[in-house]
Amino acid sequence: MILSRRLDYMARKFSIFFLAMLLALSLTACGNEKGSDVSEEQNGNSFSTANEDSNQAAVTTQYTVGDIVLADGSIVKAESLTALDSGNAPVAVIAGFQDNGATFGVGVHRSDQPLPWALDNTVGYGAKFAETVCTQNTDKTFGGDTDGSDNWSAMCAAGSGGTAIAENNYPAFHFANTYAETYGLTDDYASGWFLPSIAELSTVYENREAINSALAKIYELDHSAAMNGLTTNWYWSSSQADSADDYAWFVHFFNGYAGECPKNFTNVHVIAIRDF
């Protein structure tokens, strides 16, 4: 009996010793693993690269088409929007992504009425703004200048005459240029609004369902806070047509048709977009 108890006691001591050794080895391994991470980060090797990749992924996936951007820069999903704060109103709905991964959103208001791209008695009506020309590759893709953010600057630099009084000569551009002022946007969103290129406008059309859902939710809460969807209007792009100097690109949101029409055409509405 005594021998049996001693054997049990020795077995328990050995078990405790064995577990302690395992614990020590585990702690040592953890310590080495942490030290390895620090070393790799300091040396800018795989850990740092992986970290940078993670950050890049976070930036890329920060926005989703249909997200609502509020005045303070925060994002809210349409299904989570239950009330509007007049001090932090919706300013845009995320509409798509550029080829370089940049995000752009569409303003929550459109022009109250159709506006011409340029009036027929202006120099710009028949001028060719070469830096804004887009060509259609397929029904949904375009080549040439697909970034509309600098199209107005390119037109002004071309010295077309009358660009200084855009309200009279280029009503569609004037709406986009004064979008923030018209709708009382301040701080970060007081500037940066522009008339989309035909490529950007086509992306808005392709993503219209998610955009319309967000706009409808805002409109439901306050009819004056947003348009009730993009509807089936024609919308101007800022892109010069490649077929004729007095034509510009538009998209018909009834069926997504992208076409060219005279710059003085008066049946086309305007939306403004902005990079985020």
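The structure displayed is predicted, hence computed values, not measured ones.

## So, the side chain of S111
When you line up the elements, S111 lands in the loop between strand 4 (103-110) and helix 3 (123-126). You can call S111 buried: its relative accessible area is 4%. Looking at S111, its side chain comes within polar contact range of the main-chain oxygen of Q113, at 2.9 Å. In this structure, S111 is in contact with F175, H269 and V270, ignoring residues within four places of it in sequence.

## Regarding the side chain of H269
Relative to the elements of secondary structure, H269 occurs in the loop between strand 9 (257-262) and strand 10 (271-275). Ignoring anything within four residues of it in the chain, the contact list for H269 reads R110, S111, D112, Q113, P114, N233, W234, Y235 and W236.

## Overview of the packing of aromatic side chains
Considering all chains together, one arrives at 15 aromatic pairs under this definition. The interplanar angle of 75° and the centroid separation of 4.8 Å between the aromatic rings of Y235 and F253 together place this pair among those described as edge-to-face. With a gap of 18 residues between them, Y235 in strand 7 (residues 234-240) and F253 in the loop between strand 8 (247-252) and strand 9 connect regions that are remote in the sequence. Each member of the pair Y235 and F253 is classed as buried. Among the aromatic residues, ring-to-ring pairing joins W117, F129, W152, Y170 and F173 into one connected group. A cation over an aromatic ring shows up here: R208 above the ring of Y205, its NZ or CZ 4.0 Å from the ring centre. Residue placement shows R274 over the ring face of F276; its charged tip is 5.6 Å from the ring centre.

## Topic: the environment of Y235
Its relative accessible area of 0% is what places Y235 among the buried residues. In the structure, Y235 is positioned 18 residues away from F253 in sequence and 7.5 Å away in space, judged by C-alpha atoms. If near-sequence neighbours (up to four positions away) are discounted, Y235 is found in contact with R110, L201, L230, F250, V251, F253, V268, H269, V270 and I271. Here the side chain of Y235 touches L230 through a polar contact of 2.8 Å, landing on its backbone oxygen. Here N233 takes part through its side chain, which lies 3.4 Å from a polar atom of the side chain of Y235.

What counts and how
- Residues numbered from 1 in each chain as written.
- Predicted model: local features only at pLDDT ≥ 70, side-chain atom pairs only at ≥ 80, totals over all residues.
- Heavy atoms only, no water.
- Helix = DSSP H or I, 4+ residues; strand = E, 2+ residues; numbered from the N terminus.
- Buried < 20%, exposed > 50% of the residue type's maximum accessible area, 1.4 Å probe, protein only.
- Polar contact = N/O pair within 3.5 Å; in protein donor to acceptor, adjacent residues only side chain to side chain.
- Contact = heavy atoms within 4.5 Å.
- Phe/Tyr/Trp six-rings, centres within 6.5 Å; stacked < 30°, edge-to-face > 60°.
- Lys NZ or Arg CZ within 6 Å of the ring centre and 35° of its normal.

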